[in-house]
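What the coordinates show
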Amino acid sequence: MTEVPRPLRVVIVEATRVLADAGVPSPRVDAELIAAHVLDTDRGKLLMTPLVDREVVEAITDMVHQRAKRVPLQHLLGWAAMGEVTVEVGPGVFVPRPETELLLDWGLRFLNGRPSPVVVDLCTGTGALALAVATARPDATVHAVEVDPNALAWARRNLGETAVHLHAGDVTEPHLLAMLDAKVDLVLCNPPYVPEGTEVPPEVGEHDPHQAVFSGADGLTVIKHVVHLAARLLRPGGTVGIEHDDTQGESVPALLAAVLTTVEDHRDLAGRPRFATAQRS
């Protein structure tokens, strides 16, 4: 008996229902991205494949069931986007989030008109921010710092063939990157900042490394070190941008104001406090 191909549209509708029932926040988008991954095409080109055979349906169904168990979509796809670049991701490293692109965009705007800038990405994780800056500004000298060995392995994979300088180091070290003291134009950092005990989605709590998400009772343990490190690294006129929890819209700017000037907090597209910036005068 000859198998009849199934309409891809129907397969995606069924996948969307499964993901919605599992509480996945963006079920339709995830279903379409999974289908595009299985078909090795772009999400915007799915309409060009109206019918799919049994093997494709089974592959989509398998990935959908994994996503329904709240395995991060990026783990299933094997990549995450940051600006104009993609990086490989998987177990053992924090998955870059779309909201961090706001910090990236702000940083790139600051660099406009600054030739051959020096940029440092602290708590780099996958290396996504560093790679995005280096790609957008090939004239920049970009340094990336990570302490966790598992994350470092992912960063090496993503940055190995690039000009980004990757350092194994801890932002709490008093002499970290001492050779760059007062020489850096831009410091970017997406540190661990969630207060311990905060309820987080299963994708975060069960799959992101704990130390890449949580940072003390108030979420500020690592950020406090980042602030003082940035103040040491920045050249006069240089600036720092630090992503933070939406409950830290006053506390992080206050930390920055103690050692730097021109402090400003920035909101995300939903109007929540998302990152703070400051300048060395």
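Scroll up to find the structure.
To start, this report covers the structure provided alongside it. (Residues numbered from 1 in each chain as written. Predicted model: local features only at pLDDT ≥ 70, side-chain atom pairs only at ≥ 80, totals over all residues. Heavy atoms only, no water.)

**Things to note about the overall build of the protein chain**
In terms of helices and strands, the protein chain carries ten helices and eleven strands. For the protein chain, whose C-alpha radius of gyration is 21 Å, the value lies close to the compact-globule estimate of 19 Å for 281 residues. Its C-alpha atoms put the protein chain at 75 × 40 × 35 Å along the principal axes. For the protein chain, the proportion of its 281 residues judged to be buried stands at 48%. (Helix = DSSP H or I, 4+ residues; strand = E, 2+ residues; numbered from the N terminus. Rg over C-alpha atoms; globule rule 2.2 N^0.38 Å. Buried < 20%, exposed > 50% of the residue type's maximum accessible area, 1.4 Å probe, protein only.)

**Describing the nonpolar core**
One finds Leu122, Val187, Val240 and Leu256 to be the most contacted residues of the largest nonpolar core, which totals 34 residues. Broken down by secondary-structure element, the contributors of at least two residues to this core are β5 (118–122), β8 (184–189), α9 (221–233), β9 (234–243), α10 (251–257) and β11 (273–279). The biggest single contributor to this core is α9, with eight residues. Formed by 27 residues, the second largest nonpolar core is a distinct cluster that contains Ala130, Ala132, Ala140 and Leu186. (Core = buried A, V, L, I, M, F, W, Y, C linked by side-chain atoms within 4.5 Å.)

**Observations concerning the environment of serine 26**
Along the chain, serine 26 falls in the loop between α1 (8–21) and α2 (27–39). As a C-alpha pair, serine 26 and threonine 16 span ten residues in sequence and 8.8 Å in three-dimensional space. A polar side-chain atom of serine 26 sits 3.0 Å from a polar atom in the side chain of aspartate 30. (Polar contact = N/O pair within 3.5 Å; in protein donor to acceptor, adjacent residues only side chain to side chain.)

**Comments concerning the pattern of salt bridges**
With the rule as written, the count across this model stands at 17 salt bridges. Residues glutamate 58 and arginine 54 are paired through a salt bridge, measuring 3.0 Å at the closest nitrogen-oxygen approach. A residue pair is termed a helical-turn pair when its members lie 3 or 4 positions apart in one helix, as glutamate 58 and arginine 54 do in helix α3 (residues 54–68) at four residues. As a salt-bridge pair, glutamate 88 and arginine 157 come within 3.5 Å of each other at their nearest N and O atoms. Taken as a pair, glutamate 88 in strand β4 (residues 85–88) and arginine 157 in helix α7 (residues 149–159) lie far apart in primary sequence, 69 residues in all. (Salt bridge = Lys/Arg side-chain N within 4 Å of Asp/Glu carboxyl O.)

**As for the packing of helix α5 (residues 100–111) against helix α6 (residues 128–136)**
When two helices pack together, their arrangement is given by the angle between the helix axes and the distance between those axes. In the contact formed by α5 and α6, the axes pass within 11 Å of each other and the chain directions differ by 35°. Taken as a pair, α5 and α6 cross one another with a handedness that is right-handed. Seen from α5, the contacting residues are Thr100, Leu103, Leu104, Leu108 and Leu111; seen from α6, they are Leu129, Ala132, Val133 and Ala136. Residue classes in the contact of α5 with α6 are distributed as eight nonpolar, one polar and no charged. (Axes fitted to C-alpha atoms, helices over the stretch in contact; angles between N-to-C directions. Left-handed = near helix turned anticlockwise from the far one by under 90°. Contact = heavy atoms within 4.5 Å. Nonpolar A, V, L, I, M, F, W, Y, C, P; charged D, E, K, R; others polar.)

**Focus on the environment of leucine 176**
As for its placement among the helices and strands, leucine 176 is situated in the loop between β7 (165–168) and β8. Not counting chain neighbours up to four residues away, the residues in contact with leucine 176 comprise Val145, Gly169, Asp170, Val171, Leu229, Arg232 and Leu233.

**Examining unusual backbone geometry**
The backbone of aspartate 40 sits at a positive phi, close to 55°, despite the residue not being glycine. Within the element layout of this structure, aspartate 40 appears in the loop between α2 and β2 (51–52). Phi at arginine 70 is positive, roughly 70°, even though this residue is not glycine. Positionally, arginine 70 belongs in the loop between α3 and α4 (73–77). The buried category is assigned to arginine 70, whose relative accessible area is 13%.

**Topic: the sheet that holds β11**
Strand order in the open sheet made by the seven strands is β7-β6-β5-β8-β9-β11-β10, with mixed pairing throughout. Two strands close off the open sheet at either side, each with one partner strand: β7 and β10 (261–267). On average, adjacent strands in this sheet sit at an angle of 15° to one another, irrespective of strand direction. Most of the contacts of α7 go to β7, to which it runs at about 170°, and overall it touches β6 (141–146) and β7. (Pairing = 2+ DSSP bridges.)

**Describing the pairing of β6**
Burial analysis of β6 places five of its six residues in the buried class, which makes it a mostly covered element. Relative to β6, β5 runs parallel, the two sharing five bridges. Residue pairing across strands places aspartate 121 opposite alanine 144, the latter belonging to β6. For the handedness criterion, the β-α-β arrangement of β5, α6 and β6 is classed as right-handed. (Right-handed = clockwise from strand over helix to strand, strands pointing away.)

**A short note on the environment of proline 96**
Mapped onto the secondary structure, proline 96 falls in the loop between β4 and α5. Residue proline 96 is classed as buried on the basis of its relative accessible area of 9%. C-alpha separation for the pair proline 96 and alanine 36, spaced 60 residues apart in sequence, amounts to 20 Å. Contacts of proline 96, omitting those with residues within four sequence positions, involve Gln74, Ala80, Met82, Val87, Val89, Thr126 and Ala128.

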